[in-house]
Amino acid sequence: MAFSFVHIADVHLDTPFKSRDENLRRFLRNSLRESFKAAIDLAISERVDALLIAGDFFDNDTLSFSTEKFILDVFKQLDKENINVFYAPGNHDPYGHSHRISKIPWPKNVYIFNQSNVEAVNVYDDNGNIKAVVLGAAHKSKNESRNIAEDFPKSKLNVPHIGLLHCLVLDTNTICDHERYAPCLIKDLEVKDYTYWALGHIHKRQELQKNKPIMYSGNIMGRNSKETGAKGGYLVRINDAGEVTYSFNELSHIRWEEIIVDNISNVTNYEELKKRIFEKIEQEILKYEFDGELLIKVSLKGQCPLRFEFDDIENITELEDDIKAYFGIFYVEVSVDDLKMSIEIDKYKNQPHVLSKALEIFDDIKEDDELLLKLKPENLAGISGKDDEETVIYLRSLLKGADMDIATYLLGGDKP
Ligand SMILES: [Mn+2]
């Protein structure tokens, strides 16, 4: 029996976007709503059966009146089109009596999985036959520690089964930025033999399994410069034979990107610096093929004789403004966190000062194999299974560039 839906997660409506200026905060909050509205429009134009939301739809603590009104309006719009909403709450919107989510008068087409136990909901066609089963469960608190995935029942073969869950799948590469809520393993999901798993929580979109898809849609819009690239949701179609196809749809009108500029080691004036940065941005922007609003972090890396000039925030602002004006980019932030000054190390050797002595000690350590092995910490990642010779090579690689760091640190704010 054919069944189709849009899978989204981690909309995070009403994110406060602290630490941004008021205009930008308002712009980002509106953009989040517009991204969600784009998911609604996609569901309507593709005439799908349902919209699936895998948690963290909004934040119980910050949901505004206007957003509550907006959510109800667009869900009613879906209702007019006979599109159902299935929504499994996550850690930001846990279901409970004290939370906003349980007080909202949700329209009749919205089904919220409000139990911590797994529920299975049958979806019927016009003739009263079951065309799909959607299974889900709610987080009941902000820090759900159970493995909820384990509790899902195995699929009964003849009808598509879709699992909807906010969880942290531990065996992916991108768990580091995410809290360990409702943790599970890919195999916990795989053994259920479902047609499709619609997951939320990890903000980076990923296909954990392609055949019988296990999918994170990622968040619907990047919220900061770490959440780069196209963001949106999946359009999923299951045909009468139970075969599933899916495609990613970009839903966000804005996009964060990071551009790294690391070829400025011989740049000594602002005109040349700008030229190098502009050239790099020009190349990268062409690759994005995006006509919404770009928000760009320009990260300057490596050595640069102008490093000290960036200690003056006005210089950073000047550069940001020039980039914005030249490219017509909505928002630019320049990061110099990884920028080092250029120092001719040898100039500081054999001198009567602390830096010279420090560099001398460093050179001794670097060149003396026995001393290197002696100084090595007892437990050091990356050396298991290595013999002494390999260990020395590895230790030396760790020390690469450290003399520059010592010099930068000891020279402090003084220009060399
Ligand atoms: Mn979450």
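Cut-off values and rules
- Residues numbered from 1 in each chain as written.
- Predicted model: local features only at pLDDT ≥ 70, side-chain atom pairs only at ≥ 80, totals over all residues.
- Heavy atoms only, no water.
- Phe/Tyr/Trp six-rings, centres within 6.5 Å; stacked < 30°, edge-to-face > 60°.
- Helix = DSSP H or I, 4+ residues; strand = E, 2+ residues; numbered from the N terminus.
- Buried < 20%, exposed > 50% of the residue type's maximum accessible area, 1.4 Å probe, protein only.
- Lys NZ or Arg CZ within 6 Å of the ring centre and 35° of its normal.
- Pairing = 2+ DSSP bridges.
- Axes fitted to C-alpha atoms, helices over the stretch in contact; angles between N-to-C directions.
- Contact = heavy atoms within 4.5 Å.
- Patch = residues over 30% accessible without salt bridge, like charges linked within 9 Å, V, L, I, M, F, W, Y side chains within 5 Å.
- Areas by Shrake-Rupley, 256 points an atom, 1.4 Å probe, with all protein chains shown as cover.
- Salt bridge = Lys/Arg side-chain N within 4 Å of Asp/Glu carboxyl O.
- 1 Å grid on protein atoms, 1.4 Å probe; cavity = no way out; pocket = protein on both sides within 12 Å on 5 of 7 lines; lining within 4 Å.
- Points joined across faces, edges and corners; volume = space filled by probe spheres on them.
- Right-handed = clockwise from strand over helix to strand, strands pointing away.
- Nonpolar A, V, L, I, M, F, W, Y, C, P; charged D, E, K, R; others polar.

Draft legend 1. Main features of the packing of aromatic side chains. Counted according to the given criterion, the structure contains 24 aromatic pairs. Ring centres of Phe36 and Phe70 lie 6.2 Å apart, and the angle between their planes is 70 degrees; this geometry places the pair in the edge-to-face category. Of the two residues, Phe36 sits in helix α1 (residues 22-45) while Phe70 sits in helix α2 (residues 65-80), which places them 34 residues apart along the sequence. Per residue, the accessibility class of Phe36 equals that of Phe70, and both read buried. The interplanar angle of 45 degrees and the centroid separation of 6.3 Å between the aromatic rings of Phe86 and Tyr111 together place this pair among those described as tilted. Here Tyr111 lies in strand β4 (residues 110-112) and Phe86 lies in strand β3 (residues 84-87), a separation of 25 residues in the sequence. Judged by relative accessible area, which is 28%, Tyr111 ranks as partly exposed. A cation over a ring is seen here: Arg33 above Phe70, with NZ or CZ 5.2 Å from the ring centre.

Draft legend 2. The sheet that holds strand β16 (residues 293-300), seen in detail. Overall, parallel pairing links the three strands, which are arranged β15-β16-β18 in an open sheet. The open sheet terminates on both sides in strands that have one partner only, identified here as β15 (254-261) and β18 (331-335). Across the sheet, the mean angle separating the axes of adjacent strands is 15 degrees when strand polarity is ignored. Pairing of β15 with β16, which is carried by eight bridges, proceeds in the parallel orientation. Across the sheet, residue Glu257 finds its bridge partner in β16, namely Ile296. Together, β15, β16 and β18 form the strand contacts of α1, whose direction differs from that of β15 by roughly 120 degrees.

Draft legend 3. Region of the structure containing a nonpolar patch on the surface. Where nonpolar side chains cluster on the molecular surface, the patch consists of Val354, Tyr409 and Leu410 and spans about 370 Å² of accessible area. The topology assignment puts Val354 in helix α6 (residues 354-367).

Draft legend 4. Highlighting empty space enclosed by the protein. Scanning the model with the defined rule gives one cavity of 30 Å³ or more in all. Estimates place the volume of the largest cavity at around 30 Å³. Lining the largest cavity, in full, are Leu189, Glu190, Asp193, Tyr194, Trp197, Gln209, Lys212 and Ile214.

Draft legend 5. Geometry of the pairing of β3. Note that strand β2 (residues 50-53) and β3 share four bridges and pair parallel. Residue Leu51 lies in a different strand from β3, and its bridge partner there is Val85. Once the chain exits β2 it traverses α2 before rejoining the sheet at β3, and the crossover so formed is right-handed. When β3 meets β4, the two strands line up parallel, connected through three bridges. Looking at β4, one finds that Val85 is bridged to Val110.

Draft legend 6. Here's a closer look at the layout of surface pockets. There is about 680 Å³ of room inside the largest pocket. What lines the largest pocket is a set of 28 residues, and nearest its centre among them are Asp177, His178, His203, Lys204 and Glu227. Here the residues of the lining of the largest pocket sort into three nonpolar, 13 polar and 12 charged. Estimated volume of the second largest pocket: approximately 260 Å³. Taken together, 14 residues form the lining of the second largest pocket, with Asn82, Asn84, Val123, Tyr124 and Lys131 sitting closest to its centre. Where the lining of the second largest pocket is concerned, the elements lending two or more residues are β3 and β5 (119-124). Element by element, the count of residues in the lining of the second largest pocket is highest for β5, at four residues. Of the residues assigned to the lining of the second largest pocket, the class counts are five nonpolar, four polar and five charged.

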